[in-house]
Amino acid sequence: MNPNIEILIQKISETFHQSSDLKIRNLTIKNHKVAYLFIEGVSSGATISEFIVHSMTYDIKQTKGNIFHNLFDTLQNIIPNDSLMILEKEEDIPYYLSSGFTIVLVDGYKKAIVLESRQDLSRGISESSSEGIIRGPKDSFTETHAMNIGLVRKRIKDPNFVVKDTFVGKRTKTKVSTLYIHDIAEMEKVNKIIDKLSKIDVDGILDSGNIREFLITKQKSTFPKVISTERPDLVCQSLLNGKIVILVENSPYALIIPALFIDFFHNPEDYYQNPANVNLTRFLRLTAFLMTILIPALYISVMTFNTSILPEKLLISLYHQRLAVPFPTSFEILLLLIIFEILRECDIRIPSAMGTAMSIVGGLVLGDAAVSAGIVSPIAVIIVAVTSISGLLFSDIDMINGIRFWRILFILFSTFFGIIGFTVCLMILVIKLANLKIMGTDYLSPISPLNVIGLKDSFIRIPKNQDKERPSYLTTKNKIKLGGKK
Amino acid sequence: MKKWFLLCILFLLTSCDYKELNEISISTVLGIDKKDNQYIISSLIVGKEENETILQNGTGTSLTTAFANLNLNLSENLYLNHVQTIIISDDLAKEGLEPILNYFIKNDSIQNNFYLFLAHNVSSKQILETLLESNNSDYNTITNIFKYNDEIEFSDKTDTLTELVDTLLEKGKEPTLNTVTISKERVIASNLAILKKDKLKAFSENMIGIAILSNHANHIVLNIACKENKSVVELGSIHVKTKTNGKKIDNYITGNISVKENTCGKTIKNEKQLLKKVEWELQKILKNSINESKQLNSDIFGYGALLSKKNKNLKTDYFTDLIIENHMNFKIKDKEGDVYHE
């Protein structure tokens, strides 16, 4: 670091291209040139004025005699700050400035004092908006990294719970933390993830969604291989099961690795309710999954290829409904599905004040008017409604998108090949799913390959006081979770 | 490469079958007659309006041409897959059912599980017309007529095409068929048709006897006559076990009796007498059925199949001289009731 304060300030100023939010103040203390630098917006002006400037101008005059060797030491010791650091490298200065720290430079010294003066830019902990819950903790992650880690740490007070930081992004220098429990998670997997994170060479990471593509690269899949959640309790459940969690600075969504197919049929709330009732809910989720993927395709194949499998009364009823419709069945279904998807997309983006108007128009267009106008048949509206409602049972947006992809694929197979195409597509789906692996874990575990311990918390859930072991596909270390040492 | 191969196979397997539901005319009931060497096919077809049914006819020298002509009268393709009932006229049945059965068995556009009925003394076209006029054009009206038959509950007596063909192919058993006729502008069940091979021989009134001996009657209602009045008795859980030593047939008939109405008063004095009366009445009914089928030389009970297991050198006309004995073992169910007098 250059000991000449003027040259150093000049250099820093040039690094920031004379950006106007970089504030530099020069002082003279005991005949020494002193300067402090901070960036407006990310730094708290009040903290700087009240503590840093006050100490440098007032408290320093109160220090009598020569307790400390020099001015640098004096400043370092009298400024009250919880995370005071000494910097010796010039190139570290921009990072700390951007993070909201204040840099104090003293002429003639090859080091700088870094003082914590970050502005609190968080929005406070609020209830999760995308993963609703009836019974259970309501808090959710925010954009503040330290707060997010705090939300997990306050739930797991074990010293074996470890947070490892990596900085990703050439320009954004985003802090990405890997969270795991040291004596449960397999270190091989943890190291693999940290290694992958450190190898990411990209200019910016703005959300955990950006990280995901760098982590899982081997096999492409439409179904998510990583769970993203804003619920700290789900994160803790996963950590306790031996999974690894990634928290990204400025992102309220944590990533849980590995995500298995079965995980999308689970909800953190499941573990706070009576297991017998949860089994029914999980069965409903499975039924909804099958319905939302298969029903439109099955309808098309039955209506156009395999009419003979319909019971007579149903056939005659469907026949009358279809008579006035000018379009082929598959076009009718696709049209309605596309309109519904547009409505859904609108519903997310549009300001909530306009939501009511949209739902009236959407409901009328989709429901009544289209049928009265003879564009679509009533049964097609029912099919699309059932399909869409079943699809909304899943909260993970990647899962919803995966389902949508396969739904369309099934429709195409059924349109061209009827029930045989439908069956072939079903086989392709099962083969694809069974073929997927995430960090060595089979995506369809514990169903394929069969894992009896894993089955205890799959489509059924046995009571917690009987669920003794962690399944081996998640961790081979420290398998006992009920009784035993830990 | 594998993907293209899969797609090609899928195309070859399926793509020709595509048809939209609004491009078909759904036929529910078919009637087949023959007049002047011409087949007349009548069909009840689901109409364009709700609850509307239309009747269409087609004639031709063969069934194929008759169906083709029927199709010409329709705006959409005739769809036979959901035909539930086919009614064949008795004249045609006397000539032999084989050509018709052959046609339907080999035709893959029609499912083989439809019910077959014969029209008794009327043409099948008339039956369809009556169905249409009486607003009973529902496809399962006719099967319901038999289901709710007052006298006998046929468990599976109504024959589907495959059942009939199975019976025809079985050695030592002749088929029977249910018949329908028109009375007071309504379609009603009529006498049972007895066939020899595929040809109609006669219509039998002894339906109850045939049903019991063929093990199709679940329960029957019997009238027991006394001096002036009669008592109504219900026989339930009737089961027949047939045994043979290769020369004669023994039918062991079991079941229970419950007395529904007793207007005989003290004429039926006790349990024993009641049993005796019921057995005597039943013997009479069964004998009539057996004698009738013996006269027609049509083994509708399938005794030939049973005999041939014991007796390899069974004569072709074994049935006319066959000794058939019926042994009854009935129990009275309502012992507590005050229906007979000790």
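Caption draft 1: Seen up close, the pairing of strand E14 (residues 323-332) of chain B. Residue and element names in this part refer to chain B. Burial of E14 is one-sided: the residues Ile324, Asn326, Met328, Phe330 and Ile332 facing one way are buried, the residues Ile323, Glu325, His327, Asn329 and Lys331 facing the other way are not. Strand direction decides the pairing type here: strand E13 (residues 248-262) and E14, joined by ten bridges, are parallel. Across the sheet, residue Ile257 finds its bridge partner in E14, namely Ile332.

Caption draft 2: Structural detail: the nonpolar core. In this structure, Val152(A), Ile211(A), Phe223(A), Leu239(A), Ile246(A), Phe289(A) and Phe410(A) are the most contacted members of the largest nonpolar core, which totals 65 residues. In terms of residue count, helix H14 (residues 397-435) of chain A provides more of this core than any other element does, twelve residues in total. Split by domain, the residues of this core number at least three in each of domain 2 (145-259) and domain 3 (274-441) of chain A. Within the second largest apolar cluster, 37 residues are counted, among which are Ala211(B), Leu222(B), Ile238(B) and Ile290(B).

Caption draft 3: Layout of the sheet that holds strand E6 (residues 161-168) of chain A. Residue and element names in this part refer to chain A. With antiparallel pairing, five strands are arranged side by side in an open sheet as E6-E7-E9-E10-E8. This sheet does not close on itself; its edge strands, each paired only once, are E6 and strand E8 (227-229). Here the strands of the sheet are splayed against their neighbours by 25° on average, with no regard to which way each runs. Where strand E7 (residues 174-181) lies against strand E9 (residues 244-248), four bridges are found, and the strand directions are antiparallel. The residue bridging Thr178 from the neighbouring strand is Ile246, located in E9. Each of E6, E7, E9 and strand E10 (254-257) touches helix H6 (residues 187-199); the most contacted strand, E7, lies at about 175° to it.

Caption draft 4: Fine view of the side chain of Thr307(A). Along the chain, Thr307(A) falls in the loop between helix H9 (275-304) and helix H10 (312-322). Take Thr307(A): its relative accessible area is 1%, and that puts it in the buried class. Non-local contacts of Thr307(A), meaning those with residues more than four positions away in its chain, are made with Val302(A), Leu315(A), Lys19(B), Leu21(B), Tyr79(B) and His82(B).

Caption draft 5: Structural detail: the domain arrangement of chain B. Residue and element names in this part refer to chain B. For chain B, the assigned domains are domain 1 (23-205) and domain 2 (206-342). The partner domain 2 presents 23 residues to the 25 residues of domain 1 that form the contact. For the pair domain 1 and domain 2, the two sides together bury roughly 1900 Å², of which 61% comes from carbon and sulfur. When residues of the side of domain 1 that touches domain 2 are traced back to their parent elements, those giving at least two are strand E7 (152-154), strand E9 (186-196) and strand E10 (199-204). Of all the elements, E9 adds the most residues to the side of domain 1 that touches domain 2, at six residues. Of the residues that constitute the side of domain 1 that touches domain 2, the class distribution is eight nonpolar, six polar and eleven charged.

Cut-off values and rules
Residues numbered from 1 in each chain as written. Chains lettered and ligands numbered in written order. Predicted model: local features only at pLDDT ≥ 70, side-chain atom pairs only at ≥ 80, totals over all residues. Heavy atoms only, no water. Buried < 20%, exposed > 50% of the residue type's maximum accessible area, 1.4 Å probe, protein only. Helix = DSSP H or I, 4+ residues; strand = E, 2+ residues; numbered from the N terminus. Pairing = 2+ DSSP bridges. Core = buried A, V, L, I, M, F, W, Y, C linked by side-chain atoms within 4.5 Å. Domains from an automatic or database assignment. Axes fitted to C-alpha atoms, helices over the stretch in contact; angles between N-to-C directions. Contact = heavy atoms within 4.5 Å. Buried area = accessible area lost by both parts, 1.4 Å probe. Nonpolar A, V, L, I, M, F, W, Y, C, P; charged D, E, K, R; others polar.

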